[in-house]
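Geometric and topological summary
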Amino acid sequence: DQFAQKAREAKDADLRFMQLALALGRRGQGRTWPNPAVGAVIVKDGVIVGRGWTQPGGRPHGEPEALRRAGEAARGATLYVTLEPCSHFGKSPPCTDAVIAAGIKRVVAAIEDPNPEVAGQGHARLRAAGITVDVGLCAAEAAFDHAGHFRRIRDRRPHVILKLAVSPDGKIGAAGGKPVAITGEAVRDRVHLLRAQSDAILVGIGTVLADDPLLTCRLPGMAARSPVRVVLDQSLRIPGASKLVRTARETPLWVVSSDLAEAAAATRLGAAGAQMLRVPPGGAAGLDLPAVLHALAEKGITRLMVEGGSRVAASFVAADLVDEIWLFRGAEEVGADGVDALDALPLSKITQSQAYKVHASETFGNDTL
Ligand code: AOF
Ligand code: ZN
């Protein structure tokens with residue numbers, strides 16, 4: 001009947017506007033840390049009157065951005081937001097107060113903010129002001145997009161994304177570190193975008209010594225979106241002439257060493273613009289990985305991309321510290337003497353693990369994700 005039809009249309013509209021809010025929120029991914037990248041859409045009589053997302057550095061929050069654009073049109077409107085509006089006085093005033101003052105009538109929020117300073121109080125405050133609050137639309141998508149914030153708040157570590165590019169025979173490189181192309185240009189571009197969408201990118205010292213990588217985002221016009229570069233370097237072997245150290249003043253470089261590493265080396269790197277992090281030694285990578293992740297979360301990192309090499313990748317997998325895997329497969333075999341993707345661990349450790357499920361698959365030229 002007519003009534004059911006109207007209700008169905010309203011539900012479809014809610015879904016569409018929330019999906020737009022999610023897409024807007026993702027624009028900030030990788031550059032709002034320590035804050036989550038939130039998206040907000042304001043709709044009045046079926047028309048979008050304001051859109052906003054969390055700004056670089058995490059402030060302003062998404063809602064005041066959308067409210068500012070909507071202006072007077074926000075009165076009586078509905079706000080779609082990908083995370084519960086904050087209710088605390090942090091470094092910015094509570095979003096709930098701005099929402100109430102603007103005269104918003106209904107708030108549709110995807111998911112509650114696990115931050116103990118918010119944790120349901122944002123929604124409660126809005127309801128107390130007479131606003132209708134619906135929670136849970138697209139909750140799974142929002143949890144995925146805000147995985148970094150949730151991990152950091154709940155487990156005091158970043159959300160860890162492991163990127164692997166393997167040949168059909170499971171190798172990530174040729175024997176003796178000889179350079180070999182595993183995947184093509186389309187994959188490289190996607191990986192650079194993934195770097196931009198991450199707060200930090202991590203490699204082991206072995207990769208630095210073998211490849212001298214830059215680890216920046218080199219997509220046109222996106223240099224400013226390069227993540228913080230993190231190197232696990234137990235005894236501070238990173239060369240002063242490496243690309244990472246030479247660019248430490250333009251793009252942050254954090255070097256994690258064991259608390260036993262030589263002080264003179266740390267001073268030299270510090271003078272070059274790198275930041276030192278000290279953690280206890282231990283584990284397969286020579287450093288205590290949970291301690292490394294804890295130190296990064298303390299500094300505000302919510303989304304960490306792990307890009308190599310095989311020993312570092314293997315130690316994250318073995319320690320069960322990988323939340324998300326981007327497994328690219330190239331088209332050409334490398335041969336039995338190549339470098340195994342996960343060092344001594346078989347790749348089936350992840351491809352056949354019950355702990356992981358396929359989230360999405362895609363084709364990139366001759367390669368697949
Ligand atoms: C929102 N909208 O866009 C974001 C929120 O230090 P502050 O004042 O910036 O507050 C940071 C906290 O606010 C952060 O830990 C998270 O709980 C929430 N982030 N909240 O209403 C936003 N980014
Ligand atoms: Zn807020």
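Quick caveat: nothing in here was measured; it's all calculated off a predicted structure.

1. Describing the UniProt feature "binding site: Zn(2+)" (unreviewed entry) in the protein chain
In the UniProt entry, the feature "binding site: Zn(2+)" (unreviewed entry) is given for His61, Cys86 and Cys95. Across 35 residues of sequence, these annotated residues stay compact in space, with a maximum C-alpha separation of 9.0 Å. If you trace the backbone, Cys86 turns up in the loop between strand 3 (78-81) and helix 3 (95-101). For Cys86, a count of 25 C-beta atoms within 10 Å gives the class buried. Position of Cys95 relative to the elements: it lies in helix 3. Excluding residues within four positions of it along the chain, Cys95 makes contact with His61, Glu63, Pro64, Pro85 and Cys86.

2. Looking at the site of ligand 1
Near ligand 1 there are 19 residues, and of these Val38, His61, Gly62, Gly90 and Asn115 occur at the shortest range. Taken together, the residues of the shell around ligand 1 break down into 7 nonpolar, 8 polar and 4 charged.

3. Things to note about the sheet that holds strand 5 (residues 132-135)
The 5 strands are arranged 2-1-3-4-5 in an open sheet whose pairing can be described as mixed. In this open sheet, the two strands that pair with only one neighbour each are strand 2 (47-53) and strand 5. The average angle at which neighbouring strand axes cross in this sheet is 15 degrees, direction not considered. In the sheet, strand 1 (residues 39-44) pairs with strand 3 via 4 bridges, with the strands oriented antiparallel.

4. Structural notes on the nonpolar core
Core analysis: the biggest nonpolar cluster contains 53 residues, and Val231, Ile238, Val256, Val292, Leu304, Val306 and Ala313 have the highest contact counts within it. What Val256 contacts, discounting residues up to four positions off in sequence, is Val230, Val231, Leu232, Asp233, Leu277, Val279, Leu287 and Val292.

5. Structural notes on the pairing of strand 2
A large share of strand 2 lies buried, amounting to 5 of its 7 residues. Here strand 1 pairs with strand 2 via 6 bridges, running antiparallel. Within the sheet, the bridge partner assigned to Lys44 lies in strand 2 and is Val47. The turn joining strand 1 and strand 2, which pair antiparallel and follow one another in sequence, is formed by 2 residues; a positive phi near 50 degrees is taken by Asp45.

6. A short note on unusual backbone geometry
Cis geometry marks the peptide bond from Arg59 to Pro60, where omega comes out at -5 degrees. By the element assignment, Pro60 lies in the loop between strand 2 and helix 2 (62-70). Going from Gly308 to Gly309, the amide bond is cis rather than trans, its omega being 0 degrees. Within the element layout of this structure, Gly309 appears in the loop between strand 12 (303-308) and helix 12 (310-318). The backbone phi angle of Leu236 is positive, close to 55 degrees, even though this residue is not glycine. Tracing the chain through its elements places Leu236 in the loop between strand 9 (228-232) and helix 9 (243-246). The phi dihedral of Asp320 is positive, around 60 degrees, even though this residue is not glycine.

7. Side note on helix 4 (residues 121-128)
Restricting attention to buried positions, one finds in helix 4 the residues Gly122, His123, Arg125 and Leu126. Along the axis of helix 4, the buried residues cluster in a sector spanning 160 degrees; they form a single face. In helix 4, the exposed positions angled more than 90 degrees off the buried face are occupied by Arg127 and Ala128. Close packing links the buried residues of helix 4 with helix 3, strand 4 (106-109) and strand 5. Gly130 lies just past helix 4 and shows a positive phi near 90 degrees.

Criteria and cut-off values
All residue numbers here refer to positions counted from 1 along the written sequence of the relevant chain. Note on labels: chains are lettered from A, ligands numbered from 1, in written order. For this predicted model, a pLDDT threshold of at least 70 governs which residues receive local features, and a threshold of 80 or more governs which side-chain atom pairs are given and counted, while totals over whole chains, interfaces and linings are taken from all residues. UniProt positions are given in the numbering used here, feature names are shortened, and annotations may be inferred rather than shown by experiment. Labels follow the DSSP assignment, with helices taken as runs of H or I lasting at least four residues and strands as runs of E lasting at least two, numbered in each case from the N terminus. Three exposure classes are used, based on other C-beta atoms lying within 10 Å of a residue's own C-beta, which is placed from the backbone: buried for 20 or more, exposed for 12 or fewer, and partly exposed in between. Two residues qualify as being in contact provided that their C-beta atoms, derived from the backbone, are within 7 Å of each other. As a rule, any residue with its backbone-derived C-beta atom within 6 Å of a molecule or strand is reported as near that molecule or strand. In the scheme used here, Gly and all other residues not listed as nonpolar or charged are polar, with Ala, Val, Leu, Ile, Met, Phe, Trp, Tyr, Cys and Pro taken as nonpolar and Asp, Glu, Lys and Arg as charged. A strand pair is defined by DSSP finding two or more bridges across the two strands. Every axis in this analysis is a line fitted to C-alpha atoms, fitted for helices over the stretch in contact. Angles between the N-to-C directions lie between 0 and 180 degrees. Core membership is restricted to buried Ala, Val, Leu, Ile, Met, Phe, Trp, Tyr and Cys residues, and these are joined into a nonpolar core through C-beta atoms within 7 Å. The directions considered for the arc are those from the helix axis to the C-beta atoms.

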